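# Residue-level structural notes
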Amino acid sequence: MDTGKELLFFFSALGAFNGIILGVYFFFFTKKKYFANYFLGALLFALSIRIAKSVFIYFDPTLPRTYLQIGLSACFFIGPFLYYFFKASVKNINSIPQRWKLTLIFWLLLIVTVGILYPYKDYPKLWNLYFVKFIYLQWFIYIVFSGFTIKAILKIIVSRMYKASPAEIWLSMIYLGNVLLFTFYFLALINAPSISYISGSIIFSFILYLIISILLYRKKTDDLFLLNSSKHSGKKIDSAEEIILLQKLENAMIEKELYKNPNLTLQDLAKEINNTSHQLSQFLNTNLGKNFTSYVNEFRINEACKIIASNDKLTLESIGYDVGFNSKSTFFASFKKHTGTTPLSYQQQALLT
């Protein structure tokens, strides 16, 4: 390779390598473990594998076709990880819903089965004519879904970016980067003039270095992940409005028992009381001194305590599920946090009295 190609290879390959490193960072080393970070880390892993395939095949076309299959298989997960990252961020989801697990398992089984039955090295025409197009179609559909998920944020960026929060800018930048990446790869797929697969690698590297620059430049990065609480003014809602909000919340949480929904989100609760998620989040934080998860879990734990005290037939795990927790470990940890004791100790004490 000449000097120009060597620099191009170095820049592109380094981008793929740094993508893996940044993925590890979001998985394990962020100061606060936001659930959405795990999908962002997984997204970077999938993108990095896809980019690495493009780089190595572009500069060495004689490599085994297995590399192509690995890269395309990784491409199959870019869309789902992107969509779930935005969904978890916007909806303030703190644990993976069952339907997400089933969807990811379905895609995994599909791509593994196809890869085993029809390996790229033996069926290149089948892959190029059908499988690749299906993969890109799936990727495009998830990009569209992701756009609808952050539609409100994109409107803010377009109309009044100067008022956007760091989290809104961060999410829109990640979305725009993925749209650009998909666009360049799609143009390369249809053999658009002056476009090759290495173009996507260059775009990815550029966006990645921009993200790294932001993380290194900002002393505080938590606000990049706090979409709903990044706008808190710290000003309490006045007493008259507080009474009205509390009545609405009690009606929703006690009479309608919304807390029993394991997938309840801040947006769901705000919609139920005809309020905005920003105002509700501000009220919970500044007036009640609690975040959304802590507020909802209090109702769940109070109900669990009533059931434990009145019924010794049910298992503690089943009680946790009945009151709205989606895992035994989360129920036990929340119970200990709110009552100062474990569910088992509480049950034993209840039986003695």
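Look up: the structure comes first, before these words.
Everything numeric in this text was worked out from a predicted model, so none of it was measured.

## Structural notes on the packing of helix α3 (residues 66–90) against helix α4 (residues 98–117)
Here α3 crosses α4 at 170°, and the two axes come no closer than 10 Å. Judged on the interaxial angle alone, α4 and α3 are roughly antiparallel. Along its contact with α3, which presents Gln69, Ser73, Phe76, Phe77, Pro80, Phe81, Tyr84, Lys87 and Ala88, the element α4 presents Trp100, Thr103, Leu104, Trp107, Leu108, Leu110, Ile111 and Gly115. Among the residues forming the contact of α3 with α4, the class breakdown is 12 nonpolar, four polar and one charged.

## What to know about the nonpolar core
Counting residues in hydrophobic clusters, the biggest one holds 50 residues, and the most contacted among them are Phe39, Phe81, Phe85, Phe86, Trp139 and Trp170. Looking at this core, the elements with two or more residues in it are α2 (35–59), α3, α4, α5 (124–149), α6 (151–160) and α7 (166–189). Ignoring sequence-local partners within four residues, the contact set of phenylalanine 85 consists of Ala36, Phe39, Leu40, Trp170, Leu171 and Ile174. Met253, Leu269, Tyr295 and Val296 belong to the second-largest nonpolar core, a separate cluster that totals 18 residues.

## Brief notes about the packing of aromatic side chains
Inspection of every chain in the model, using the stated rule, returns 30 aromatic pairs. When the ring of phenylalanine 39 is compared with that of phenylalanine 81, the centres are 6.4 Å apart and the planes differ by 45°; the resulting orientation is tilted. One end of the pair, phenylalanine 39, is in helix α2; the other, phenylalanine 81, is in helix α3, with 42 residues separating them in the sequence. We classify phenylalanine 39 as buried; its relative accessible area is 6%. Residue classification places phenylalanine 81 among the buried residues on the basis of a relative accessible area of 15%. An angle of 20° between the planes, with centres 6.1 Å apart, marks the rings of tyrosine 259 and phenylalanine 299 as stacked.

## A short note on a nonpolar patch on the surface
Where nonpolar side chains cluster on the molecular surface, the patch consists of Phe106, Leu110, Phe134, Leu137, Phe140, Ile141, Val144, Phe145 and Phe148 and spans about 830 Å² of accessible area. Only α4 and α5 provide two or more residues apiece to the nonpolar patch. Looking at the nonpolar patch element by element, the count peaks at seven residues for α5. Among the structural elements, phenylalanine 148 can be located in helix α5.

## Comments concerning the environment of asparagine 274
Tracing the backbone shows asparagine 274 in the loop between α10 (266–272) and α11 (277–287). Taking the C-alpha atoms as reference points, asparagine 274 and leucine 245, 29 residues apart in sequence, are found 9.8 Å from one another.

## Observations concerning α4
The terminal C-alpha atoms of α4 lie 28 Å apart, and with 20 residues this matches the ideal 28 Å at 1.5 Å per residue to within 8%. Looking only at α4, the buried set comprises Trp100, Leu104, Trp107, Ile111, Val114 and Gly115. For α4, the angular spread of the buried residues around the axis is 105°, confining them to a single face. Every exposed residue of α4 that faces more than 90 degrees away from the buried side is listed here: Gln98, Arg99, Leu102, Leu109, Ile116 and Leu117.

## Side note on the environment of phenylalanine 134
Mapped onto the elements of the fold, phenylalanine 134 is located in helix α5. Judged by relative accessible area, which is 40%, phenylalanine 134 ranks as partly exposed. Separated by 58 residues in the primary sequence, phenylalanine 134 and phenylalanine 76 place their C-alpha atoms 9.2 Å from one another. What phenylalanine 134 contacts, discounting residues up to four positions off in sequence, is Phe76, Trp107 and Leu110.

## A short note on unusual backbone geometry
With a phi close to 55°, glutamate 257 is a non-glycine residue in the positive phi region. Tracing the sequence through the fold places glutamate 257 in the loop between α9 (239–255) and α10. Overall, glutamate 257 belongs to the partly exposed group, its relative accessible area being 33%.

What counts and how
- Residues numbered from 1 in each chain as written.
- Predicted model: local features only at pLDDT ≥ 70, side-chain atom pairs only at ≥ 80, totals over all residues.
- Heavy atoms only, no water.
- Axes fitted to C-alpha atoms, helices over the stretch in contact; angles between N-to-C directions.
- Helix = DSSP H or I, 4+ residues; strand = E, 2+ residues; numbered from the N terminus.
- Parallel < 35°, antiparallel > 145°, perpendicular 65-115°, else oblique.
- Contact = heavy atoms within 4.5 Å.
- Nonpolar A, V, L, I, M, F, W, Y, C, P; charged D, E, K, R; others polar.
- Core = buried A, V, L, I, M, F, W, Y, C linked by side-chain atoms within 4.5 Å.
- Buried < 20%, exposed > 50% of the residue type's maximum accessible area, 1.4 Å probe, protein only.
- Phe/Tyr/Trp six-rings, centres within 6.5 Å; stacked < 30°, edge-to-face > 60°.
- Patch = residues over 30% accessible without salt bridge, like charges linked within 9 Å, V, L, I, M, F, W, Y side chains within 5 Å.
- Areas by Shrake-Rupley, 256 points an atom, 1.4 Å probe, with all protein chains shown as cover.
- Salt bridge = Lys/Arg side-chain N within 4 Å of Asp/Glu carboxyl O.
- Expected span 1.5 Å × (residues − 1).
- Arc of directions from axis to C-beta.

Any link to function would need more than the numbers given here.
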